[in-house]
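Now for the letters of each chain:
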Amino acid sequence: MRLCLTVEAERNEDTPAVIESWRFVQQMLADLTATVIDDAADDRELREGLRMLAKVTALCTELSVEADPQRPHFFDMCTDTRMVGGPNPDGRYLLAMIRGDHCYRITGQRGTTTYLGFQVLAGTGLTPRRMAGYLSDTALQCTQGSFALVLAATDPGADALGGAQWIPIPEDASAVVVREYIADAAAETPASMTVQCLDPPPLRPVTDTEAAAAFTAMAWTIVKLATLHRTIKPELLTQPNSLVTAAAAELGGADTTPDNLYMLGSFALDTDESLLLQFLSLIPL
């Protein structure tokens with residue numbers, strides 16, 4: 001695999017930081033394009049590799065440029081046509097960006113799906129992301145199907161919580177990830193939720209430093225998502241058409257939750273072949 005990150009931006013004190021960071025995005029995309037071209041076994045892999053890179057870029061634009069931690073909203077990381085980052089076809093992965101120096105309230109309806117979990121991620125800039133908090137549906141307090149969570153650095157107190165559950169967040173909190181797994185899409189009702197910043201500052205223009213930081217984060221996140229197959233269980237590339245079981249600790253706390261067990265695999269098929277997965281239930285019916 002070739003992935004040479006060779007940014008050669010002209011640096012001088014008169015050049016806005018946002019220009020240098022945008023050149024960094026351009027160089028990252030150029031290097032990843034070269035990697036896709038080098039790795040593609042045929043024309044179809046070339047097309048799909050470039051499509052993957054475009055979809056990852058679109059997701060990272062939402063993550064780093066469009067998202068506003070002071071006016072957050074949940075968006076689905078994996079749509080029906082943007083299946084990137086190791087998606088589960090029976091899962092939803094919602095994301096909202098936050099900051100540790102603000103307070104947030106999440107309200108919603110639990111629904112009837114098999115699993116629902118809330119994960120707080122921490123780490124900003126080039127600091128590696130880590131899991132800073134987690135709440136599964138087994139600990140989620142619901143009243144007639146409704147729930148409320150308050151995310152804050154310190155306990156707001158019973159009056160401020162108003163019956164909501166408090167989830168402490170660190171000063172470098174960066175995101176809330178919601179995972180929902182659906183056993184029967186035709187029969188189950190998915191959860192619904194909104195997030196609100198309780199202490200948003202007044203609106204103002206984005207600064208040069210803020211825009212530059214967003215583009216830099218975008219570039220590094222593109223690299224991470226476009227190369228997951230090289231960093232998470234890379235041995236699977238030489239062991240296609242089989243599944244391996246991995247605990248969360250083996251895959252990294254920022255990308256997993258402690259109450260999930262993962263099965264991963266890659267596939268390699270000829271044009272006249274298809275892959276059939278069969279699962280046997282260990283639970284007596």
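Right, let's walk through the structure included here.

### A look at unusual backbone geometry
Unusually for a residue other than glycine, Gln144 sits at a positive phi of about 50°. Note on placement: Gln144 falls in the loop between β5 (130–136) and β6 (146–152). For Lys233, which is not a glycine, the phi torsion comes out positive at approximately 50°. Looking at where Lys233 falls in the secondary structure, it is placed in the loop between α5 (228–231) and β10 (244–247).

### Some remarks on the pattern of salt bridges
Counted according to the given criterion, the structure contains nine salt bridges. When the shortest N-O distance is used, the salt bridge between Arg230 and Asp39 registers 2.8 Å. Of the two residues, Arg230 sits in helix α5 while Asp39 sits in helix α1 (residues 17–39), which places them 191 residues apart along the sequence. On the basis of relative accessible area, Asp39 is assigned to the partly exposed category, the value being 32%. Between Asp172 and Arg130 there is a salt bridge, with its nearest N and O atoms 2.8 Å apart. Pair noted here: Asp172 is in the loop between β7 (165–168) and β8 (173–181) and Arg130 is in strand β5, with a separation of 42 residues, a long-range link.

### Notes on the sheet that holds strand β1 (residues 75–76)
By definition, the strands of a sheet pair up through backbone hydrogen bonds, in either a parallel or an antiparallel sense. Taken in spatial order, the five strands of this open sheet run β1-β2-β8-β4-β5, and their pairing is antiparallel. Strands with a single pairing partner mark the edges of an open sheet, and in this sheet they are β1 and β5.

### Focus on the packing of α1 against helix α4 (residues 208–226)
A pair of packed helices can be characterised by two numbers: the angle between their axes and the separation between those axes. Axis separation between α1 and α4 bottoms out at 7 Å; the angle between their running directions is 10°. By the criterion of interaxial angle, the relationship of α1 to α4 is roughly parallel. Contact residues: α1 offers Ala17, Val18, Ser21, Trp22, Phe24, Val25, Met28, Leu29 and Leu32, while α4 offers Asp208, Ala211, Ala212, Phe215, Thr216, Met218, Ala219, Trp220, Ile222, Val223 and Ala226. Along the lines of polarity and charge, the residues of the contact of α1 with α4 split into 17 nonpolar, two polar and one charged.

### A look at the packing of aromatic side chains
Scanning all chains against the criterion turns up five aromatic pairs. Seen in terms of ring centroids, Trp22 and Phe215 are 5.0 Å apart; in terms of plane orientation they differ by 65°. Their pairing is edge-to-face. Of this pair, Trp22 sits in helix α1 while Phe215 sits in helix α4, and the two are 193 residues apart along the sequence. What makes Trp22 partly exposed here is its relative accessible area of 38%. Put simply, the rings of Tyr93, Tyr115 and Tyr181 touch in pairs and so form one group of aromatic residues.

### Description of the pairing of strand β3 (residues 104–109)
Side chains Tyr104, Ile106 and Gly108 of β3 all project onto a buried face; the interleaved residues Arg105, Thr107 and Gln109 project onto a face where none is buried. As paired strands, β3 and strand β9 (residues 192–197) are joined by six bridges and run antiparallel to one another. Within β9, the residue paired with Gln109 across the bridge is Ser192.

### Some points on the nonpolar core
Formed by 29 residues in total, the largest nonpolar core has its most connected members in Leu59, Cys60, Leu63, Met77, Leu95 and Ile222. Listing elements by their share of this core, those giving two or more residues are α1, α2 (43–66), β2 (91–97), β4 (115–122), β8 and α4. Counting residues per element, this core draws most heavily on α4, which supplies seven residues. Excluding its chain neighbours within four sequence positions, the residues that come into contact with Met77 are Leu59, Arg82, Tyr93, Leu94, Leu95 and Val177.

### Overview of the sheet that holds β9
Here four strands make up an open sheet; going across it, the order is β7-β6-β3-β9 and the pairing mixed. What marks the edges here is a single partner per strand, and that holds for β7 and β9. Looking at each pair of strands side by side, their axes are set apart by 20° on average, direction ignored. With six bridges joining them, β3 and β6 adopt antiparallel strand pairing. When the bridges of β6 are listed, Arg105 appears paired with Val150.

### Things to note about the packing of α2 against α4
Viewed as axis vectors pointing N to C, α2 and α4 meet at an angle of 140°, and their least axial separation amounts to 9 Å. It follows from the interaxial angle that α2 and α4 lie oblique. Helix-helix and strand crossings are classified by hand; for α2 and α4 the assignment is right-handed. Along its contact with α2, which presents Met52, Leu53, Val56, Thr57, Leu59, Cys60, Thr61, Leu63, Ser64 and Val65, the element α4 presents Ala214, Phe215, Ala217, Met218, Thr221, Ile222, Leu225 and Ala226. Counted by class, the contact of α2 with α4 contains 14 nonpolar, four polar and no charged residues.

### Overview of α1
Across its 23 residues, α1 extends 33 Å between first and last C-alpha, which sits within 8% of the 33 Å expected from 1.5 Å per residue. For α1, the complete set of buried residues consists of Glu20, Ser21, Phe24, Val25, Met28, Asp31, Leu32, Ala34, Thr35 and Val36. On the buried face of α1, the contacting elements are α2 and α4.

Analysis parameters
- Residues numbered from 1 in each chain as written.
- Predicted model: local features only at pLDDT ≥ 70, side-chain atom pairs only at ≥ 80, totals over all residues.
- Heavy atoms only, no water.
- Helix = DSSP H or I, 4+ residues; strand = E, 2+ residues; numbered from the N terminus.
- Salt bridge = Lys/Arg side-chain N within 4 Å of Asp/Glu carboxyl O.
- Buried < 20%, exposed > 50% of the residue type's maximum accessible area, 1.4 Å probe, protein only.
- Pairing = 2+ DSSP bridges.
- Axes fitted to C-alpha atoms, helices over the stretch in contact; angles between N-to-C directions.
- Parallel < 35°, antiparallel > 145°, perpendicular 65-115°, else oblique.
- Contact = heavy atoms within 4.5 Å.
- Nonpolar A, V, L, I, M, F, W, Y, C, P; charged D, E, K, R; others polar.
- Phe/Tyr/Trp six-rings, centres within 6.5 Å; stacked < 30°, edge-to-face > 60°.
- Core = buried A, V, L, I, M, F, W, Y, C linked by side-chain atoms within 4.5 Å.
- Left-handed = near helix turned anticlockwise from the far one by under 90°.
- Expected span 1.5 Å × (residues − 1).

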